[in-house]
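Survey of secondary and tertiary structure
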Amino acid sequence: KCKVLIHGGAFVFLLDGERATQYEQSLARIIKDVESFVSNSPWRSGGLNAIDVVEYAVQLLESDPLYNAGKGSVFSSASTHVMEASLMDGANRKCGAASLIETVEHPISLARVVMERTPHNYIAGREATEKLASEHGLSIVGDNSFFSTSRRLEQYNACLQAKEIRKGTVGCVVYLNGQVAAGTSTGGMTNKHPGRIGDSPLIGCGTYAENRVCAVSFTGTGEEIMRHVGAYDIACRMKYGQEMVDKAVHQTLFDYMPPDTAGVIAVDGDGIGVMEWNTKGMLRGSL
């Protein structure tokens, strides 16, 4: 059995017709590509694991400039793109995360390198992330402007005038043959302060996975998700409170966290998936 959920960020405003259509088509294409990836892999015989699917799905989201991750990352207050990502393997609770990334094309793949090729869980900084990515053959872009899009520049200029901050995230959770995994990637907040780190790379906040319990990826206001240790809160409600995944997600979003702050995708140890949000909506898809 295989279950895949993806999200492209929660939002506090309603999308117009044309923009909504763009996202719907993008999400449908990504889900179709993930389905092909899984179908063409020998996953029934153990030749594919949940982490493989998470990385592949998030790479697709990072490559689409519609989303605030990878290619479509927002501008920081220094007029640059600074990204972060994490992923976690529920089979052994190994995890990897990276922050303050400026030149690595796929932050989610760097997070996997941290998890599998180093003794660490987390690295940060342009020099450190670029060096590790280069050592392990990941794609490095020549200039930070690679991640720029005209739409993100318009948002940045609007934020400077209105003194407001916009945000977004992408993520994926997977159940495959009894194993679960989760990954989250983001460009952070528009006009964010230099050095700001959000929930996305923080294990237990933006990302968590544990076999026989759940895999979770959050999106929304990072500061609130961190304050409430969102992903682990859901896992604890299930592991210690014996709640079902749908009830655990709902309780965290509506009984514990403030309104208009977050969205969640989660899958439990039996492959039951949930997508819920306490904002106006959340970009999402499932397989």
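These notes cover the structure that comes with them.

Cut-offs applied
- Residues numbered from 1 in each chain as written.
- Predicted model: local features only at pLDDT ≥ 70, side-chain atom pairs only at ≥ 80, totals over all residues.
- Heavy atoms only, no water.
- Salt bridge = Lys/Arg side-chain N within 4 Å of Asp/Glu carboxyl O.
- Helix = DSSP H or I, 4+ residues; strand = E, 2+ residues; numbered from the N terminus.
- Axes fitted to C-alpha atoms, helices over the stretch in contact; angles between N-to-C directions.
- Parallel < 35°, antiparallel > 145°, perpendicular 65-115°, else oblique.
- Contact = heavy atoms within 4.5 Å.
- Nonpolar A, V, L, I, M, F, W, Y, C, P; charged D, E, K, R; others polar.
- Buried < 20%, exposed > 50% of the residue type's maximum accessible area, 1.4 Å probe, protein only.
- Polar contact = N/O pair within 3.5 Å; in protein donor to acceptor, adjacent residues only side chain to side chain.
- Pairing = 2+ DSSP bridges.

With that settled, consider the pattern of salt bridges. Scanning the model with the defined rule gives 13 salt bridges in all. The residue Arg 126 makes a salt bridge to Glu 102 at a minimum N-O spacing of 3.3 Å. Of this pair, Arg 126 sits in helix α4 (residues 126-135) while Glu 102 sits in the loop between β3 (94-101) and α3 (107-117), and the two are 24 residues apart along the sequence.

Another aspect to go through is the packing of helix α2 (residues 50-63) against α3. Following both chains from N to C, one finds α2 and α3 inclined at 150°, their axes separated by 8 Å at the closest point. One way to sum up the angle between α2 and α3 is to call them roughly antiparallel. For the pair α2 and α3, the contacting residues are Ile 51, Asp 52, Glu 55, Val 58, Gln 59 and Glu 62 in the first and Pro 107, Ile 108, Ser 109, Arg 112, Met 115 and Glu 116 in the second. The class makeup of the residues in the contact of α2 with α3 is five nonpolar, two polar and five charged.

Of note, Leu 27 is situated in helix α1 (residues 17-39). Excluding anything up to four places from it in sequence, Leu 27 contacts Ile 6, Tyr 67, Leu 283 and Arg 284.

Tracing the backbone shows Thr 219 in strand β8 (residues 214-220). With relative accessibility at 1%, the residue Thr 219 sits in the buried group. A polar atom in the side chain of Thr 219 sits 3.4 Å from the side chain of Thr 169.

This part takes up unusual backbone geometry. Phi at Leu 100 is positive, roughly 55°, even though this residue is not glycine. With respect to the secondary-structure elements, Leu 100 resides in strand β3. Residue class for Leu 100 comes out partly exposed when judged on its relative accessible area of 22%. One non-glycine residue, Val 229, lies in positive phi territory at about 45°. Relative to the helices and strands, Val 229 is located in the loop between α6 (222-227) and α7 (230-239). Given the relative accessible area of 36%, Val 229 is considered partly exposed.

A few words on the sheet that holds strand β10 (residues 273-277). Pairing is antiparallel in the open sheet, where four strands are placed in the order β7-β8-β9-β10. Each of the sheet's edge strands pairs with one partner strand only, and the pair in question is β7 (207-210) and β10. Neighbour-to-neighbour, the strand axes of the sheet open up by a mean angle of 10°, direction not taken into account. Of the pairings in the sheet, the one linking strand β9 (residues 262-268) to β10 comprises five bridges and is antiparallel in character. Each bridged residue has a counterpart across the sheet, and for Gly 263 the counterpart in β10 is Trp 277. Where helix α8 (residues 245-256) meets the sheet, its contacts fall on β8, β9 and β10, and the angle it forms with β10 comes to roughly 15°.

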